[in-house]
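# A look at the structure
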Amino acid sequence: MAFTLESPAFRDGEEIPRKFSRKGENVSPPLSWKDAPAETKSFALVVEDPDAPSGTFRHWSVYDIARERSDLPEGTTPGAKTETLGHGVNDFGNAHYDGPQPPRGHGVHHYHFRLAALDTETLHLGPKASIDDIWTKARPHILAETELVGTFENR
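Computed from a predicted model, the values in this text were never measured in an experiment. (Residues numbered from 1 in each chain as written. Predicted model: local features only at pLDDT ≥ 70, side-chain atom pairs only at ≥ 80, totals over all residues. Heavy atoms only, no water.)

### Quick word on the packing of aromatic side chains
The final tally for this structure, using the stated rule, is five aromatic pairs. Between Phe-10 and Phe-113 the ring centres are 5.7 Å apart and the planes differ by 50°, which places this aromatic pair in the tilted class. Note that Phe-10 is positioned in the loop between strand 1 (4-6) and strand 2 (31-34) and Phe-113 in strand 7 (residues 109-118), a separation of 103 residues in sequence. Between Trp-60 and Tyr-97, the ring centres sit 5.2 Å apart and the planes meet at 85°, which makes this aromatic pair edge-to-face. With Trp-60 in strand 4 (residues 57-66) and Tyr-97 in the loop between strand 6 (86-87) and strand 7, this pair connects stretches of sequence that are 37 residues apart. On the basis of relative accessible area, Tyr-97 is assigned to the buried category, the value being 4%. Among the aromatic residues, those joined into a ring-pair cluster are Phe-3, Trp-33 and Phe-43. Taking the ring centre of Phe-92 as reference, the NZ or CZ of Arg-22 above it sits at 3.8 Å. (Phe/Tyr/Trp six-rings, centres within 6.5 Å; stacked < 30°, edge-to-face > 60°. Helix = DSSP H or I, 4+ residues; strand = E, 2+ residues; numbered from the N terminus. Buried < 20%, exposed > 50% of the residue type's maximum accessible area, 1.4 Å probe, protein only. Lys NZ or Arg CZ within 6 Å of the ring centre and 35° of its normal.)

Printed below as a string of structure tokens:
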């Protein structure tokens, strides 16, 4: 079976509900995955907008996700007492999820939720690691990768 990522909030290629944008509640959407490789020791997630006027804009990253996990609930945030997830500093300068906010009139943007199954339990990164640093550190450890794409337009 193929390693897959999905959300009950939107299907691949569909519009991300406003609730999950910076114009709405700015909470992360619920995500779930299945059929990761058996050798997986952890996961890393990055959310990117390649349609941004200045080039790819990174909105969120979560890393050191335990291999036993198969989901991230809606509103996953750093600092929750029950979570040991690492959160990268996004291109807004925040170490948490920031949803879609394309410039008004810039058309439809595509938000790529990329989940990687890794062969290491931890990436050994500090709390101020950028999303670019996280993905650079994760790349050599990727066993498999899956993607969910949502769209958003600032009307």
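### Re the pattern of salt bridges
As enumerated under the stated definition, the model contains eight salt bridges in all. For Asp-98, the salt bridge goes to Arg-22, with nearest N and O atoms at 3.3 Å. In this pair, Asp-98 sits in the loop between strand 6 and strand 7 while Arg-22 sits in the loop between strand 1 and strand 2, placing the two residues 76 residues apart along the sequence. Look at Arg-22 and you get partly exposed, because its relative accessible area is 30%. (Salt bridge = Lys/Arg side-chain N within 4 Å of Asp/Glu carboxyl O.)

### Quick notes on the nonpolar core
Of all hydrophobic cores here, the largest spans 23 residues; its most connected members are Leu-5, Trp-33, Leu-45, Trp-60, Ile-65 and Phe-113. Taken together, the elements giving at least two residues each to this core come down to strand 2, strand 3 (42-49), strand 4, strand 7 and strand 8 (142-152). Among the elements that take part in this core, strand 7 stands out by supplying four residues, more than any other. The contact partners of Trp-33, leaving out residues within four places of it in the chain, are Phe-3, Thr-4, Leu-5, Phe-43, Ile-65, Arg-69, Ser-70, Asp-71, Leu-72 and Leu-115. (Core = buried A, V, L, I, M, F, W, Y, C linked by side-chain atoms within 4.5 Å. Contact = heavy atoms within 4.5 Å.)

### Considerations on the sheet that holds strand 2
The antiparallel open sheet is built from three strands, whose spatial order is 1-2-5. For this open sheet the edge positions go to strand 1 and strand 5 (71-72), each flanked by a neighbour on one side alone. Direction of pairing for strand 2 relative to strand 5: antiparallel, over a ladder of two bridges. Within strand 5, the residue paired with Ser-32 across the bridge is Asp-71. (Pairing = 2+ DSSP bridges.)

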